[in-house]
Amino acid sequence: MRDSATAEGTLARWALIAIAVAFLGLFLALPLLAVFSEALRKGFDAYLASFNDPDTQSSIGLTLLIAAIAVPLNLVFGVCAAWSIAKFDFPGKSLLTSLIDLPFSVSPVVSGLVYVLLFGAKGLLGPSLSDWDFKIIFAVPGVVLATVFVTFPFIARELIPLMQEQGTSEEEAALTLGASGWRTFLTVTLPNVRWALLYGVLLCNARAMGEFGAVSVVSGHIRGLTNTMPLQVEILYNEYNFVAAFAVASLLAGLALLTLVGKSFLEWRYGDGLSAVRRP
Amino acid sequence: MLRLVAGLEIPTGGRLLFDGEDATHLPVRERRVGFVFQHYALFKHFDVADNIAYGLRVRPRRSRPSSTEIRRRVAELLELVQLSGLARRLPAQLSGGQRQRVALARALAVEPRVLLLDEPFGALDAQVRRDLRRWLRDLHDRTGHTTLFVTHDQEEALELADRVAILSKGRIEQIGTPDEVLDQPATAFVAGFIGEAVRLPVELAERTLRIGEQAIVIEHGLPAGAAALFIRPSDLTLAEPIGRNLLTGTVVSVRRRGPARRVELSLGDGLPTVEIELSAGRTARKGQAVHLRLLTPRLFPS
């Protein structure tokens, strides 16, 4: 007897579960394990010693700096975009909606190249920039720009469906009660989307710290200056400095795990609000 | 229309007056209107007391009451809407009727110049609706707020209102007391809309009314020609087959409706069926031929 028409036979069920678990183990758990075991292969002291390298330290610092700039920027942009798309009707709205998804559909390397073509020494704006003695490509501003571009859909995409679903009636109620627009936003709109917003920030932050392709193109790999953690991992690895490479990688992996825990916590804490959200 | 009064939408023409004072271009927040939405629009993340206090807390500092004063007002309003024990509940923990009462208290908290209710009971079940309707009328009599109540339920409108305005396609067809609207419909639309009326196409000649194959003598002040006759269940009554000026009809079906019976009658082939009301003690057979007297002819030129 089956419980319901959709329940498969026991065998099929276990086979499906086994396939899913094996796949996850092979492609996710095993590499993750490898990162930590490689990093600790020569012992914990060697692991710690890899962080004494000033270039590695500066790459960690740069990564934190970039996330500290890109995430707040995209927070503001994401809230603005989601607000305008969800609560107003204006010409070009659907164009804006699809433009927000652009960084998802374009290869990060291409987005990096676009910046090189725009701001590089031979680029469109390059000459005038060098007149001002302001470097973007192969410098920190370029890395920040590329990261902002790659991460900008995350927060907007989390907020738009939720805000659309919630509609504008609570805001209208607040306005008729005498609240100003700003006050309405702070006391009504923001609290209603706070969990989705936090979730978007988490995802955005993880991507900002982990981005490789776009950053790799614009950074120029200048050690101690424009190398972020993912780039530093590559350099160390190419120099056969496996312990150090995997040590830095383990930090990134740790960040990913933290994000995962945070995400699960948010889903558990606020399942209703997030389940309405389409995953990017 | 309520959204125009509240200032949530901009009128394309005309003016909006509050007590003779032009409010057409006054921004929403300065209009002091109390708006109650069909789907409550309570602030989900605030509890009942904070919802009610919202309108007072967002006032600019100089006109904002002290926090003790706000607490006192909230307690007072909770009492008024009979929810005193539920101040710390979240909207999600309330029933529909309770939510709507919170929404009403929230709107009343700002001492609105006009209270706007947008189908406030539309999402509630019949029993709760009836109770709330009575309660709202009672509340209105005690507080005396000017109230604009929009509804599709004509029974609700006629029971609640001092004055009823009937709108069709954005135009006001008639404004009047429920008695005026019911007894003297100003237009054919109102006559057809109110009181479960059935519209029959009729032919008028001098002092004669022709319905299908039948004709009766009546006084009417309309020009001869085609006209529309509106018949409510109370406009026709069964009559003994003596005397003149009677219509004949055939019983199509008999239904029980509350304490009375509804009899559906055909006055002739091709005509819409009409209904009359019979007290439960009397009944009629399907297919039976009956004689009818037309008590109130509601005629409009068609």
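For clarity, every value in this text was computed on a predicted model and none was experimentally measured. (Residues numbered from 1 in each chain as written. Chains lettered and ligands numbered in written order. Predicted model: local features only at pLDDT ≥ 70, side-chain atom pairs only at ≥ 80, totals over all residues. Heavy atoms only, no water.)

1. Concerning the overall build of chain B
Counted only if it meets this: The helix count covers DSSP runs of H or I at least four residues long, the strand count covers runs of E at least two residues long, and both are numbered beginning at the N terminus. Between the two quantities, the radius of gyration covers C-alpha atoms and the globule rule is 2.2 Å times the number of residues to the power 0.38. Summary of the burial criterion: residues with accessible area below 20% of their type's maximum are buried, those above 50% are exposed, and those between are partly exposed, where the area comes from a 1.4 Å probe applied to protein chains only.
Counting secondary structure elements, chain B contains 8 helices and 17 strands. For a compact globule of 302 residues, the expected C-alpha radius of gyration is about 19 Å, and chain B comes in at 25 Å, more than 25% above that figure. Reported as C-alpha extents along the three principal axes, the dimensions of chain B are approximately 80 × 45 × 30 Å. Across the 302 residues of chain B, 44% fall into the buried class.

2. Let's talk about the packing of aromatic side chains
Residue and element names in this part refer to chain A. Rules: Only Phe, Tyr and Trp rings take part, Trp by its six-membered ring, and two of them pair if their centres are within 6.5 Å. Stacked means planes under 30 degrees apart, edge-to-face means over 60, and tilted covers everything else.
Taken as a whole and judged by the stated rule, the model has 21 aromatic pairs over all chains. Where Phe44 meets Tyr47, the ring centres are 5.7 Å apart and the plane angle is 25°; that geometry is what we call stacked. Of the two residues, Phe44 and Tyr47 both sit in helix H2 (residues 43–49), 3 residues apart, roughly one turn of that helix. By relative accessible area, Tyr47 is classed as buried at 13%. Each member of the aromatic cluster is reached from another via a ring pair, and the members are Phe77, Tyr115, Phe119, Phe149 and Phe152.

3. Topic: helix H10 (residues 169–176) of chain A
The cut-off we apply is this: The contact rule is simple, with two residues in contact once any of their heavy atoms fall within 4.5 Å.
Within H10 of chain A, 6 of the 8 residues are buried, which leaves it mostly tucked inside the rest of the structure. Along H10 of chain A, the residues that are buried comprise Glu170, Glu171, Glu172, Ala173, Ala174 and Thr176 of chain A. Buried residues belonging to H10 of chain A abut helix H3 (54–87) and helix H11 (181–210) of chain A together with helix H1 (2–6), strand S3 (33–36), helix H2 (48–57) and helix H4 (96–109) of chain B. Of the residues one or two after H10 of chain A, Gly178 of chain A is the one with positive phi, at around 100°.

4. A word on the nonpolar core
Residues and elements named next belong to chain B. Here is the rule we go by: Within this scheme, the nonpolar core is defined by two criteria: the residues are buried Ala, Val, Leu, Ile, Met, Phe, Trp, Tyr or Cys, and they are joined through side-chain atoms within 4.5 Å.
Ile52, Val74, Leu78, Val102, Leu104, Trp135 and Leu136 are the most contacted members of the largest nonpolar core, which has 33 residues in total. The leading source of residues in this core is H4, at 7 residues. Each residue touching Leu104, except ones within four places of it in the same chain, is listed here: Val36, Leu115, Leu117, Trp135, Leu136 and Leu139. If you look at the next biggest cluster of nonpolar residues, it comprises 26 residues, including Ile216, Ala284, Val290 and Leu292.

5. Side note on the sheet that holds strand S15 (residues 274–279) of chain B
Residue and element names in this part refer to chain B. Threshold: Two strands pair if DSSP finds at least two bridges between them. All axes here are fitted lines through C-alpha atoms, helices being fitted over the stretch that makes contact, and every angle between N-to-C directions spans 0 to 180 degrees.
In space, the 5 strands of this open sheet follow the order S12-S16-S13-S14-S15, with antiparallel pairing throughout. In the strand order of this sheet, the two ends are held by strand S12 (236–239) and S15, each with one partner. This sheet shows a mean twist of 50° between the axes of neighbouring strands, independent of strand direction. The pairing of strand S14 (residues 260–266) with S15 spans 6 bridges and is antiparallel. Within S15, the position partnered with Ala260 by the bridge is Ser279.

6. Quick word on the domain arrangement of chain A
Residue and element names in this part refer to chain A. Heads up, the condition is: For the domains described, the bounds stem from an automatic or database domain assignment. Once two parts are put together, the accessible area they lose, assessed with a 1.4 Å probe and summed over both, is termed the buried area. The rule for a salt bridge is simple: a side-chain nitrogen of Lys or Arg has to be within 4 Å of a carboxyl oxygen of Asp or Glu.
Annotation of chain A at the domain level lists domain 1 (1–39) and domain 2 (44–275). Taken together, the contact between domain 1 and domain 2 spans 5 residues of the former and 9 residues of the latter. Roughly 600 Å² of surface becomes buried between domain 1 and domain 2 when both sides are summed, with 83% attributable to carbon and sulfur atoms. Here domain 1 is connected to domain 2 by 0 salt bridges.

7. Describing the interface of chain B and chain A
The line we're drawing: Two N or O atoms form a polar contact when they lie within 3.5 Å of each other; inside protein one atom must be a possible hydrogen donor and the other a possible acceptor, and for residues adjacent in sequence the pair counts only when both atoms belong to side chains.
Across the boundary between the two partners, chain B contributes 21 residues, which contact 19 residues of chain A. Contact with chain A buries surface across chain B, with Arg29, His45 and Tyr54 of chain B losing the most and accounting together for 32% of the total. Remark: the boundary between chain B and chain A carries 1 salt bridge. As a salt-bridge pair, Lys44 of chain B and Glu170 of chain A come within 2.5 Å of each other at their nearest N and O atoms. Across the contact surface, chain B and chain A share 4 residue pairs in polar contact (both at pLDDT 80 or more). Broken down by secondary-structure element, the contributors of at least two residues to the side of chain B that touches chain A are H1, S3, H2 and H4 of chain B. Looking at the side of chain B that touches chain A element by element, the count peaks at 3 residues for H2 of chain B.

8. Description of the domain arrangement of chain B
Along its sequence, chain B is carved into domain 1 (2–162) and domain 2 (195–301). Its C-alpha centre places domain 1 of chain B at a distance of 44 Å from the equivalent point of domain 2 of chain B.

9. Focus: the environment of Gly225 of chain B
Turning to its location among the elements, Gly225 of chain B is positioned in strand S11 (residues 225–231). Put simply, Gly225 of chain B and Val252 of chain B are 27 residues apart on the chain and 29 Å apart in space, counted from C-alpha to C-alpha.

10. Digging into the sheet that holds strand S8 (residues 198–205) of chain B
All names here are of chain B. The 5 strands lie next to each other as S10-S9-S8-S11-S17, forming an open sheet whose pairing is antiparallel. In this open sheet, the two strands that pair with only one neighbour each are strand S10 (214–217) and strand S17 (298–301). Within this sheet the neighbouring strands show an average axis-to-axis angle of 35°, counted without direction. Taken together, the 4 bridges between strand S9 (residues 208–211) and S10 define a ladder with antiparallel strand orientation. For Thr208, the partnering residue across the bridge sits in S10 and is Val217.

11. Notes on helix H9 (residues 153–166) of chain A
Test applied: Helices are assigned an expected span. That span is 1.5 Å times one less than the residue count.
Counted at 1.5 Å a residue, the expected span for H9 of chain A with its 14 residues is 20 Å, and the 20 Å between its end C-alpha atoms agrees. With 12 of its 14 residues buried, H9 of chain A lies for the most part within the structure.

12. Here's the deal with the environment of Leu80 of chain B
All names here are of chain B. By the element assignment, Leu80 lies in helix H3 (residues 67–80). Considered as a pair, Leu80 and Thr143 are 63 residues apart in the sequence and their alpha carbons are 10.0 Å apart. Ignoring anything within four residues of it in the chain, the contact list for Leu80 reads Leu108, Trp135, Leu139, Arg142 and Thr143.

13. Remarks on the environment of Gln232 of chain A
Residues and elements named next belong to chain A. Secondary-structure assignment places Gln232 in helix H13 (residues 229–238). Given the relative accessible area of 2%, Gln232 is considered buried. A C-alpha to C-alpha distance of 23 Å links Gln232 and Leu30, two positions 202 residues apart in sequence. Other than its neighbours up to four places away in sequence, Gln232 contacts Asp53, Asp55, Thr56, Ser59 and Asn227. A polar atom in the side chain of Gln232 sits 3.5 Å from the side chain of Asn227.

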